[in-house]
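Working through the structure, step by step
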Amino acid sequence: MNEMEFSQKIDDLGGTLYIVGGWVRDKIRGVIPKDKDFVICHVKEDDFKQNFPKAKKVGKSFPVYLVKIEDKECEVAFARKERKTGIGYTGFIVDYDEKVTIEEDLYRRDTTMNSIAYRVRDGKIIDPYKGREDIEKRYIKAVSHHFKEDPVRALRAARQACELNFKINEDTVNLMRACREEIKSEPQERIFNELQRALKTKKPSIFFRSLVKADLLEILFPEIYALIGKTQPVAFHPEGDAFEHTMEIVDLVADMTDDVAVRFAGLVHDLGKGVTPKEMLPHHYGHEEKGLAVLKAWNKRMTLPKKWLQGGLFVIKEHMRAARLGKVGKIVDFLLTVEKNPLGFAGFNCVILADSKSLPYYLADYHSYLQKIHSVSMKNCPANLKGKAIGDWIRNEQIKLFKQNIEVEA
């Protein structure tokens, strides 16, 4: 069954089939649309089930069915209205009978750009809340005051701002701010999901700056909020305080890699500066060790993916050492340590390059140096050596080869 055949069957039942949400928004923006979300109006659920017996119901609080359209399982929901009765995204009474119109369904949605429908029958755009106009203006604008009834919409607006490079209009920022208390009760999984999606964008800093503007960063990501106002030596950090530095780094790392774990490491590399005592400013002595505790506390509140946590801890602990090392022995040890880190050399180097604006020679050409280091074989170890002496011999040989490599390059 193709899309038009499905639409005709819905028409035959006296209803109308629409596509809604991101697909319509992206089509209007001239971007290749992704998955389609279908909505049916003016059809009784029993009639639908009778005519589509193979459709699988997946919605619990309201009807959502999986229907095979053009060899792909697509979500098909019934148009619905919602009434706030409790706290959070589950605190709603839902009305989804056949009398609900597409305009009523669109009104309950978050922003005007996501409240546009495409009528499958004839391709007509249904845009009662001027979403196309806001797309043209590059505005993220709430459809109504109901925006604040699901507090995670505030996070979603901040994420969409960096995803689309749109500006959030002031009235919507105020509605985001009104979510401040209720958002404290939201499951951390929902908050993490928006963080993850924001870190996938080209400029993740917009997400955090939008939350600052709406007075939500302190509630949602206190570790990042703590960096605001933590001054740094101007000679090394003309960009401003530790928050401004962090925003610069996460965007620079995002330019270098699509690996979200590496981008997260860039975001958290200086977390320890958020707990620097005022009397120590603008210096941040020992922020590497302090940062480890801060990230571990973050993970305790919001369970992070293993690679994010381990990669973040490694970068926090080691990012300052890279430029300081001069002795060959320590460089050899450091290279072997970096080799084992979960982000790999490529990921670690992204953060170092963004933070320091250059790479130490041994990191820039790590392939060559590691090849020399790993060429040392126990097969060549003197037979009379035992225990610790074997390890000492291997390390000394690695240092020799490293020095020879430097001399050849010189």
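Scroll up a little and you will see the structure.
What comes next concerns the included structure. Just so it is clear, the model here is predicted, and its values are computed rather than measured.

1. Side note on the environment of Arg 83
Here Arg 83 is to be found in strand S6 (residues 81-84). Take Arg 83: its relative accessible area is 52%, and that puts it in the exposed class. For the pair Arg 83 and Val 94, spaced eleven residues apart in the sequence, the C-alpha separation amounts to 6.5 Å.

2. Topic: the pattern of salt bridges
As enumerated under the stated definition, the model contains 34 salt bridges in all. Among the salt bridges present, the one from Lys 36 reaches Glu 3, with a minimum N-O distance of 2.6 Å. Linking Lys 36 in the loop between helix H2 (22-29) and strand S2 (37-41) with Glu 3 in helix H1 (residues 3-12), this pair joins segments that are 33 residues apart in sequence. With a relative accessible area of 27%, Lys 36 lands in the partly exposed category. One salt bridge connects Arg 29 with Asp 26, and the closest N-O pair in it is separated by 3.0 Å. With Arg 29 and Asp 26 both in helix H2 and three residues apart, this pair spans about one turn of that helix. Arg 29 gets classed as partly exposed once you look at its relative accessible area, which sits at 29%. On the accessibility criterion, Asp 26 (8% relative accessible area) is buried.

3. Considerations on the packing of helix H12 (residues 242-256) against helix H13 (residues 260-268)
Here H12 crosses H13 at 160°, and the two axes come no closer than 8 Å. In terms of orientation, H12 lies roughly antiparallel with respect to H13. In the crossing of H12 with H13, the sense of the turn from one axis to the other is right-handed. Contacts between H12 and H13 involve Thr 246, Met 247, Ile 249, Val 250, Val 253 and Ala 254 from the former and Val 262, Arg 263, Gly 266 and Leu 267 from the latter. Looking at the contact of H12 with H13, its residues break down into seven nonpolar, two polar and one charged.

4. So, the packing of H12 against helix H17 (residues 344-356)
At a minimum axis separation of 9 Å, H12 and H17 run at an interaxial angle of 135°. One finds that H12 runs oblique with respect to H17. The element H12 and its partner H17 pack so that their crossing is right-handed. For the pair formed by H12 and H17, the contact residues are His 245, Ile 249, Leu 252, Val 253 and Met 256 on the first element and Cys 350, Val 351, Leu 353, Ala 354 and Asp 355 on the second. Here the residues of the contact of H12 with H17 are counted per class, giving eight nonpolar, one polar and one charged.

5. Considering the sheet that holds strand S1 (residues 16-20)
Spatial strand order, S3-S4-S5-S2-S1-S8-S9: seven strands in an open sheet with mixed pairing. Strands with a single pairing partner mark the edges of an open sheet, and in this sheet they are strand S3 (56-57) and strand S9 (125-126). Relative to strand S5 (residues 72-78), S2 is paired through three bridges, and the arrangement is parallel. Looking at the pairing, Val 39 lines up with Ala 77 of S5.

Analysis parameters
- Residues numbered from 1 in each chain as written.
- Predicted model: local features only at pLDDT ≥ 70, side-chain atom pairs only at ≥ 80, totals over all residues.
- Heavy atoms only, no water.
- Helix = DSSP H or I, 4+ residues; strand = E, 2+ residues; numbered from the N terminus.
- Buried < 20%, exposed > 50% of the residue type's maximum accessible area, 1.4 Å probe, protein only.
- Salt bridge = Lys/Arg side-chain N within 4 Å of Asp/Glu carboxyl O.
- Axes fitted to C-alpha atoms, helices over the stretch in contact; angles between N-to-C directions.
- Parallel < 35°, antiparallel > 145°, perpendicular 65-115°, else oblique.
- Left-handed = near helix turned anticlockwise from the far one by under 90°.
- Contact = heavy atoms within 4.5 Å.
- Nonpolar A, V, L, I, M, F, W, Y, C, P; charged D, E, K, R; others polar.
- Pairing = 2+ DSSP bridges.

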